[in-house]
Amino acid sequence: MRETLKLKLSKKIDEHRPRTERLLKEYGDVQVDSVTVSQIIGGMRGIKSLVTDISYLDPEEGIRYRGYTLDEVIKNLPKAKGAEMPFVEGLFYLLLTGDFPNEDEVMQVVEQFNKRRIVPRYVYDVIDSFPSSSHPMAIFSTAILTLNRESAFNRQYKTGLKKEDYWEATYEDALNLLAKLPEIAAYIYNKLYRKGDRIQSDPNLDMGADFAHMMGIDKPYDDVSRLHFIIHSDHESGNVSAHTGHLVASSLSDIYLSISAMINGLAGPLHGLANQEVLRWLQDVMDKMDNKIPTEDEMKQFVWDTLNSGQVIPGFGHAVLRKTDPRYMLQREFSKKHLPDDPIFKYADLLYKVVPPILQEHGKAKNPWPNVDAQSGVIQWHYGVKDYDFYTVLFGIGRSIGICANIIWDRALGYPLERPKSVTTDMLEEMVGIKKK
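Residues numbered from 1 in each chain as written. Predicted model: local features only at pLDDT ≥ 70, side-chain atom pairs only at ≥ 80, totals over all residues. Heavy atoms only, no water.

For the rest of this paragraph, the subject is the side chain of Gln276. Along the chain, the position of Gln276 falls in helix α14 (residues 274–288). With relative accessibility at 3%, the residue Gln276 sits in the buried group. Sequence-distant contacts of Gln276, that is, excluding residues within four places in its chain, are made with Tyr388, Asp389, Tyr391 and Thr392. (Helix = DSSP H or I, 4+ residues; strand = E, 2+ residues; numbered from the N terminus. Buried < 20%, exposed > 50% of the residue type's maximum accessible area, 1.4 Å probe, protein only. Contact = heavy atoms within 4.5 Å.)

Backbone geometry follows two general trends: most residues other than glycine have a negative phi, and most peptide bonds adopt the trans configuration. Residue Lys219 is joined to Pro220 through a cis peptide bond whose omega torsion reads 5 degrees. Its place among the elements puts Pro220 in the loop between α10 (207–215) and α11 (221–231). For Glu236, which is not a glycine, the phi torsion comes out positive at approximately 65 degrees. Within the chain, Asp290 stands out as a residue other than glycine whose phi angle is a positive 55 degrees. Relative to the elements of secondary structure, Asp290 occurs in the loop between α14 and α15 (296–308).

Our focus in this paragraph is helix α4 (residues 88–97). The buried count for α4 comes to 10 of 10 residues, which makes it a mostly enclosed element. Every buried residue of α4 is accounted for by Val88, Glu89, Gly90, Leu91, Phe92, Tyr93, Leu94, Leu95, Leu96 and Thr97. In the stretch just after α4, Gly98 is the one whose phi turns positive, near 85 degrees.

Position of Arg280 among the secondary structure elements: in helix α14. By relative accessible area, Arg280 is classed as partly exposed at 29%. In this structure, the C-alpha to C-alpha distance between Arg280 and Tyr328, residues 48 residues apart in sequence, is 18 Å.

What follows is about the pattern of salt bridges. Tallying each qualifying case throughout the model produces 24 salt bridges. Two residues, Asp222 and Lys219, come together in a salt bridge whose shortest N-O distance is 2.7 Å. Of the residues examined, Asp222 reaches a relative accessible area of 6% and is grouped as buried. A relative accessible area of 66% places Lys219 in the exposed class. (Salt bridge = Lys/Arg side-chain N within 4 Å of Asp/Glu carboxyl O.)

The next point concerns the sheet that holds strand β3 (residues 68–69). Strand pairing in a sheet takes place through backbone hydrogen bonds and is either antiparallel or parallel in direction. Read across the sheet, 3 strands follow the order β1-β2-β3 without closing on themselves; strand pairing throughout is antiparallel. Taken across any chain shown, the strands that pair with only one partner, and hence form the sheet edges, are β1 (55–58) and β3. The pairing of strand β2 (residues 62–65) with β3 spans 2 bridges and is classified as antiparallel. Its bridge partner lying in β3, Tyr65 is registered against Tyr68. (Pairing = 2+ DSSP bridges.)

Attention now moves to a nonpolar patch on the surface. Taken together, the side chains of Val35, Val37, Ile40, Ile41, Val423, Met427, Met431, Val432 and Ile434 present a nonpolar region at the surface, about 790 Å² in accessible area. Mapped by element, the contributors of at least two residues to the nonpolar patch are α2 (37–41) and α20 (425–432). Considering the arrangement of structural elements, one finds Met431 in helix α20. Using a relative accessible area of 57% as the deciding quantity, one classes Met431 as exposed. (Patch = residues over 30% accessible without salt bridge, like charges linked within 9 Å, V, L, I, M, F, W, Y side chains within 5 Å. Areas by Shrake-Rupley, 256 points an atom, 1.4 Å probe, with all protein chains shown as cover.)

Turning our eyes to something else, we now look at the environment of Ser134. Within the secondary structure, Ser134 is located in the loop between α6 (121–129) and α7 (136–146). We classify Ser134 as buried; its relative accessible area is 16%. Spatially, the C-alpha atom of Ser134 lies 8.3 Å from that of Leu192, the residues being 58 residues apart in sequence. In contact with Ser134, other than residues within four places in its own chain, are Ile139 and Leu192. Only 2.9 Å separates the side chain of Ser134 from the backbone oxygen of Pro131, close enough to count as a polar contact. (Polar contact = N/O pair within 3.5 Å; in protein donor to acceptor, adjacent residues only side chain to side chain.)

Here helix α17 (residues 343–362) crosses helix α18 (residues 373–382) at 165 degrees, and the two axes come no closer than 9 Å. In terms of their interaxial angle, α17 and α18 are classed as roughly antiparallel. Here α17 runs over α18; the crossing is left-handed. Each of Ile344, Phe345 and Ala348 in α17 lies in contact with α18, whose residues at this interface are Ala374, Gln375, Val378 and Trp381. (Axes fitted to C-alpha atoms, helices over the stretch in contact; angles between N-to-C directions. Parallel < 35°, antiparallel > 145°, perpendicular 65-115°, else oblique. Left-handed = near helix turned anticlockwise from the far one by under 90°.)

For Asn190, the position within the fold is in helix α9 (residues 166–193). Assessed through its relative accessible area of 2%, Asn190 is described here as buried. Spatially, the C-alpha atom of Asn190 lies 7.8 Å from that of Met215, the residues being 25 residues apart in sequence. When neighbours within four sequence positions are excluded, Asn190 is seen to be in contact with Lys195, Gly196, Asp197, Arg198, Ile199 and Met214.

Further remarks concern helix α5 (residues 103–115). Along an α-helix, residues three or four apart share an orientation, since each turn contains 3.6 residues. Over its 13 residues, α5 extends 18 Å from the first C-alpha to the last, a length consistent with the 18 Å expected when each residue adds 1.5 Å. Looking at α5, one finds that the buried residues are Glu105, Val106, Gln108, Val109, Val110, Gln112, Phe113 and Asn114. Elements in contact with the buried residues of α5: α1 (4–27), α4, α9 and α10. Sitting at the head of α5, Asn102 places a side-chain oxygen 3.1 Å from the backbone nitrogen of Asp104. (Expected span 1.5 Å × (residues − 1).)

Between α11 and helix α19 (residues 391–412), the shortest axis-to-axis distance is 8 Å and the interhelical angle comes to 55 degrees. Judged by the inter-axis angle, α11 sits oblique to α19. The segment α11 lies against α19, with Tyr221, His228 and Phe229 engaging Leu394, Phe395, Ile397, Gly398 and Ile401. Grouping the constituent residues of the contact of α11 with α19 by class yields 6 nonpolar, 2 polar and no charged. (Nonpolar A, V, L, I, M, F, W, Y, C, P; charged D, E, K, R; others polar.)

Written out as C-alpha cells, the structure reads:
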C-alpha cells in the first residue's frame, strides 16, 4: 500500500520552507516581544521565543491542534467501527500535515504502525533488569533511550545526510518509536503490577485498542486510551516536556534521545504527576467524609475550610487557560456516559459544580475552572488502573506523538541549535537601577 502520509508531508514541507526563509531574511530584525525581570527570573514564562505550527494554547478556547479545537478534532477524525473516539494514528496524520485524513489514509498509518511495533529483545532485557521497586517513568525513559541504536537518522547522518533531508530519517525514527510505545508501556505495567503476566500485542488492532488489549481491560477502555493519548498529545512548545524534546533535538540528538529526555521532564511533580496528585487528594476527601456522597452545601463548606486553612484545591486553575479546560470537558462527558455512578466521579462532579464560584469569591485564582488533571485519574482508576505512578507513563505515550511531530518539522525547516543568553544578578540589578552598596 502506498504511504501517502510521507508524500503529503514532503509536499507540505516544500510549501512551508520559503515562508520561514523569508521571515529570517526579510524580517529577522523585527522585535516581537519584550522581556521583564520577573519573566527572566520566573522561568521565562510567557516569553515569545519558540515556533510551532502543530498546536496553540488559546487562553479562551484551550488547545488547538493545527488550528482546530479539540471538539473539531474528535468530530472530524475517522473512527474505528463501533468506536466513540478517533484513531490515534489519524491524529498523528493531522499533526504532521494539518489535514484531516480520510479512512484510507488513516488505515495506511495504522498499517505503518503495526509493521513497526515489534520491540527488540534487548529492550525487554533492559526493562527486566530494573528492580520491581523502580518508578515506571525511569524504566520508560531508559527503554526509549535504549532504542537509540536503532536510529535511522544516526546511521544516515554518519554517511553524509543532506540537511534538507534530515526530516525524512527523523520521520522514520518517529514512526518506529511511536509504534513501539504502547507495547513498552504495557510491558512495564505488567512487570511492576501484574507479576509479569504479559499479554501479546495484536497486529490487527489500532494503537488505542491494542494498548487496551495488552492492558487486559475490556471495552470501552480502548476509547479511554484513544481519548487519553489524543488530548495529552501536545500543548504548545513552552511546557517542560515539549520544550525539553525540542531543546535536545536541536542539537541533532536522535528522536530516541530527545523523547527519553522529554519523558524525564514529564516525570516531575510540577508537570506530569499532577493527575495522580488530584486523584490522591480526591480519595483523601472521600475518607474525611466517610465515603458518603456529600450534599452541595457540605462540599461547599469543605472547600471553604480547605481554602481558609491555606491549602489549595488541586486540579483547578491553569497558567494560560481562562476557562474550563476542553480536555477536562471531553473526559467529563465520557464519564457522565460511562461511569455516572462511580463514587469518585460523583465527588469530582460535585467539585466541578461548587469550586469555581467559590474560587471566584475567594478572589485569589486567575482561573477558577478545572483543568485536564481534575478528571483523567478518575477514569483510569474506574477501569482498574489503580497504580498512581503509571499515570504519567500514559501521559508520556500521548505527549510523544506531538513532540515527534514537532521534531520532524524542526528538522524540515532547519531550526538551529537552541542557545538562549543568560545574565547575572549583578547585570539585572544594574539594568533596573539598583546601586551596589
